Amino acid sequence: MNIEEINVRVAESSAVLDSLRAEIGKVIVGQDAVIARLLIGLLANGHVLIEGVPGLAKTLILSTLASAFDASYKRIQFTPDLLPADITGTLVFNQKTGEFSPKQGPIFANFILADEINRAPSKVQSALLEAMQERQVTIGDTTYPLPRPFFVMATQNPIEQEGTYPLPEAQIDRFLMKLKIKYPSFEEERLILERMVVEREFKTQRVLRPQDLEAMRGVIADLYMEEKLKDYILHLIQATRHPQRYPRISALNGLIQYGASPRATIYLARAAKAHAYLEHRGYVIPDDIKAVGKDVLRHRIILSYEAEAEAVSTEEIVTRIFEEIEVP
């Protein structure tokens, strides 16, 4: 299939995404970048972790997206007393039949909001993250596939860390992207005030069905990516592991204890293709990789003690890598 044919397929199948974003915009003010990244997560068949203070409409964004998608939605509030069975489900004894029957948990939905995921112990986190990776849940002796599509948006509060259980690096690596949600601008907050000062229900029209997303992913898989761009992605990932091999960022050597995993290579390519698809293009350009690069890499770099002593953040390191690695 040549690029012209791919462009035609992309233009036809991605046009509805503009209507989807417009429909979400009827409820959500601003946060266009976050909405775009959530769509990229959906299109790339990944999951998204969002970090932001309370009150920035994180819950509302995902519930609105689910309603516009005509998909099932469940919100799970993570607390210290939560058990894995509270998420995945358990076996319930039926007194009439004298047998145990499965009761599926809230994880069996298309869109899952894992609210304050770092509030629950590691067992509960592992139960969710296993479902995210395997897209199936075992209750008793039976394994049940999760609905398709299956998308998890987890949230973390960056302010209050007392009584939390930070996600281990191996588990946080399973998220396609980590986003940092910001406060709205003055103009956006004025619009929020005018729209929400009187409580009223905003109804979202159903724009897409879950099966439409599967068709879109098939188109995205065929998007064209030049070999030079694949090498560019590889150089970006290699630079997080071996900065001394790249003269322009050799000063970062010693600041990074562990670089990005091979999963980051795969996710960066998938996210770049999904970004190109959102832009209605049948091919990937360097700007697609740059647009999603920080979101894909910011949670995959483990700093050394030297970096922490010098107050160097992963944001600064990732920014430096993207500035200095040569673009093809």
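Being a predicted model, the structure only gives us computed values, none of them experimental.

## Some words on helix 1 (residues 3–25)
(1) Moving on: Between its first and last C-alpha atoms helix 1 spans 32 Å; for 23 residues at 1.5 Å apiece the expected length is 33 Å, and the two agree.
(2) Moving on: Of all bends in helix 1, the biggest is about 30°, found at Ser13.
(3) Moving on: Of all the residues in helix 1, the buried ones are Ile6, Val10, Ser14, Leu17, Leu20, Glu23 and Ile24.
(4) Moving on: Those residues of helix 1 that are buried are in contact with helix 2 (32–43), helix 3 (58–68), helix 8 (210–221) and helix 10 (262–278).

## Let's talk about empty space enclosed by the protein
(1) Moving on: Overall, the coordinates contain one cavity of 30 Å³ or more when judged by the stated rule.
(2) Moving on: Estimated volume of the largest cavity: approximately 30 Å³.
(3) Moving on: For the largest cavity, the full set of lining residues is Asn45, Arg135, Arg148, Pro149, Phe150, Glu214 and Arg217.
(4) Moving on: For the lining of the largest cavity, the class distribution of residues is two nonpolar, one polar and four charged.

## What about the packing of aromatic side chains?
(1) Moving on: Scanning the entire structure with this criterion turns up three aromatic pairs.
(2) Moving on: A centroid spacing of 5.8 Å and a plane angle of 50° characterise the contact between Phe69 and Phe111, whose relative ring orientation is tilted. Remark: Phe111 occurs in strand 5 (residues 111–115) and Phe69 occurs in the loop between helix 3 and strand 2 (73–77); sequence separation between them is 42 residues.
(3) Moving on: When the ring of Phe108 is compared with that of Tyr144, the centres are 6.5 Å apart and the planes differ by 85°; the resulting orientation is edge-to-face. One end of the pair, Phe108, is in the loop between strand 4 (99–104) and strand 5; the other, Tyr144, is in strand 7 (residues 142–145), and 36 residues separate them in sequence.
(4) Moving on: Aromatic rings pair up to connect Phe69, Phe111 and Phe151 into one cluster.
(5) Moving on: Over the ring of Tyr283 we find Arg281; its NZ or CZ atom is 5.7 Å from the centre of that ring.

How each quantity is defined
Residues numbered from 1 in each chain as written. Predicted model: local features only at pLDDT ≥ 70, side-chain atom pairs only at ≥ 80, totals over all residues. Heavy atoms only, no water. Helix = DSSP H or I, 4+ residues; strand = E, 2+ residues; numbered from the N terminus. Expected span 1.5 Å × (residues − 1). Bend = angle between axes of the 7 residues up to and from the residue. Buried < 20%, exposed > 50% of the residue type's maximum accessible area, 1.4 Å probe, protein only. Contact = heavy atoms within 4.5 Å. 1 Å grid on protein atoms, 1.4 Å probe; cavity = no way out; pocket = protein on both sides within 12 Å on 5 of 7 lines; lining within 4 Å. Points joined across faces, edges and corners; volume = space filled by probe spheres on them. Nonpolar A, V, L, I, M, F, W, Y, C, P; charged D, E, K, R; others polar. Phe/Tyr/Trp six-rings, centres within 6.5 Å; stacked < 30°, edge-to-face > 60°. Lys NZ or Arg CZ within 6 Å of the ring centre and 35° of its normal.

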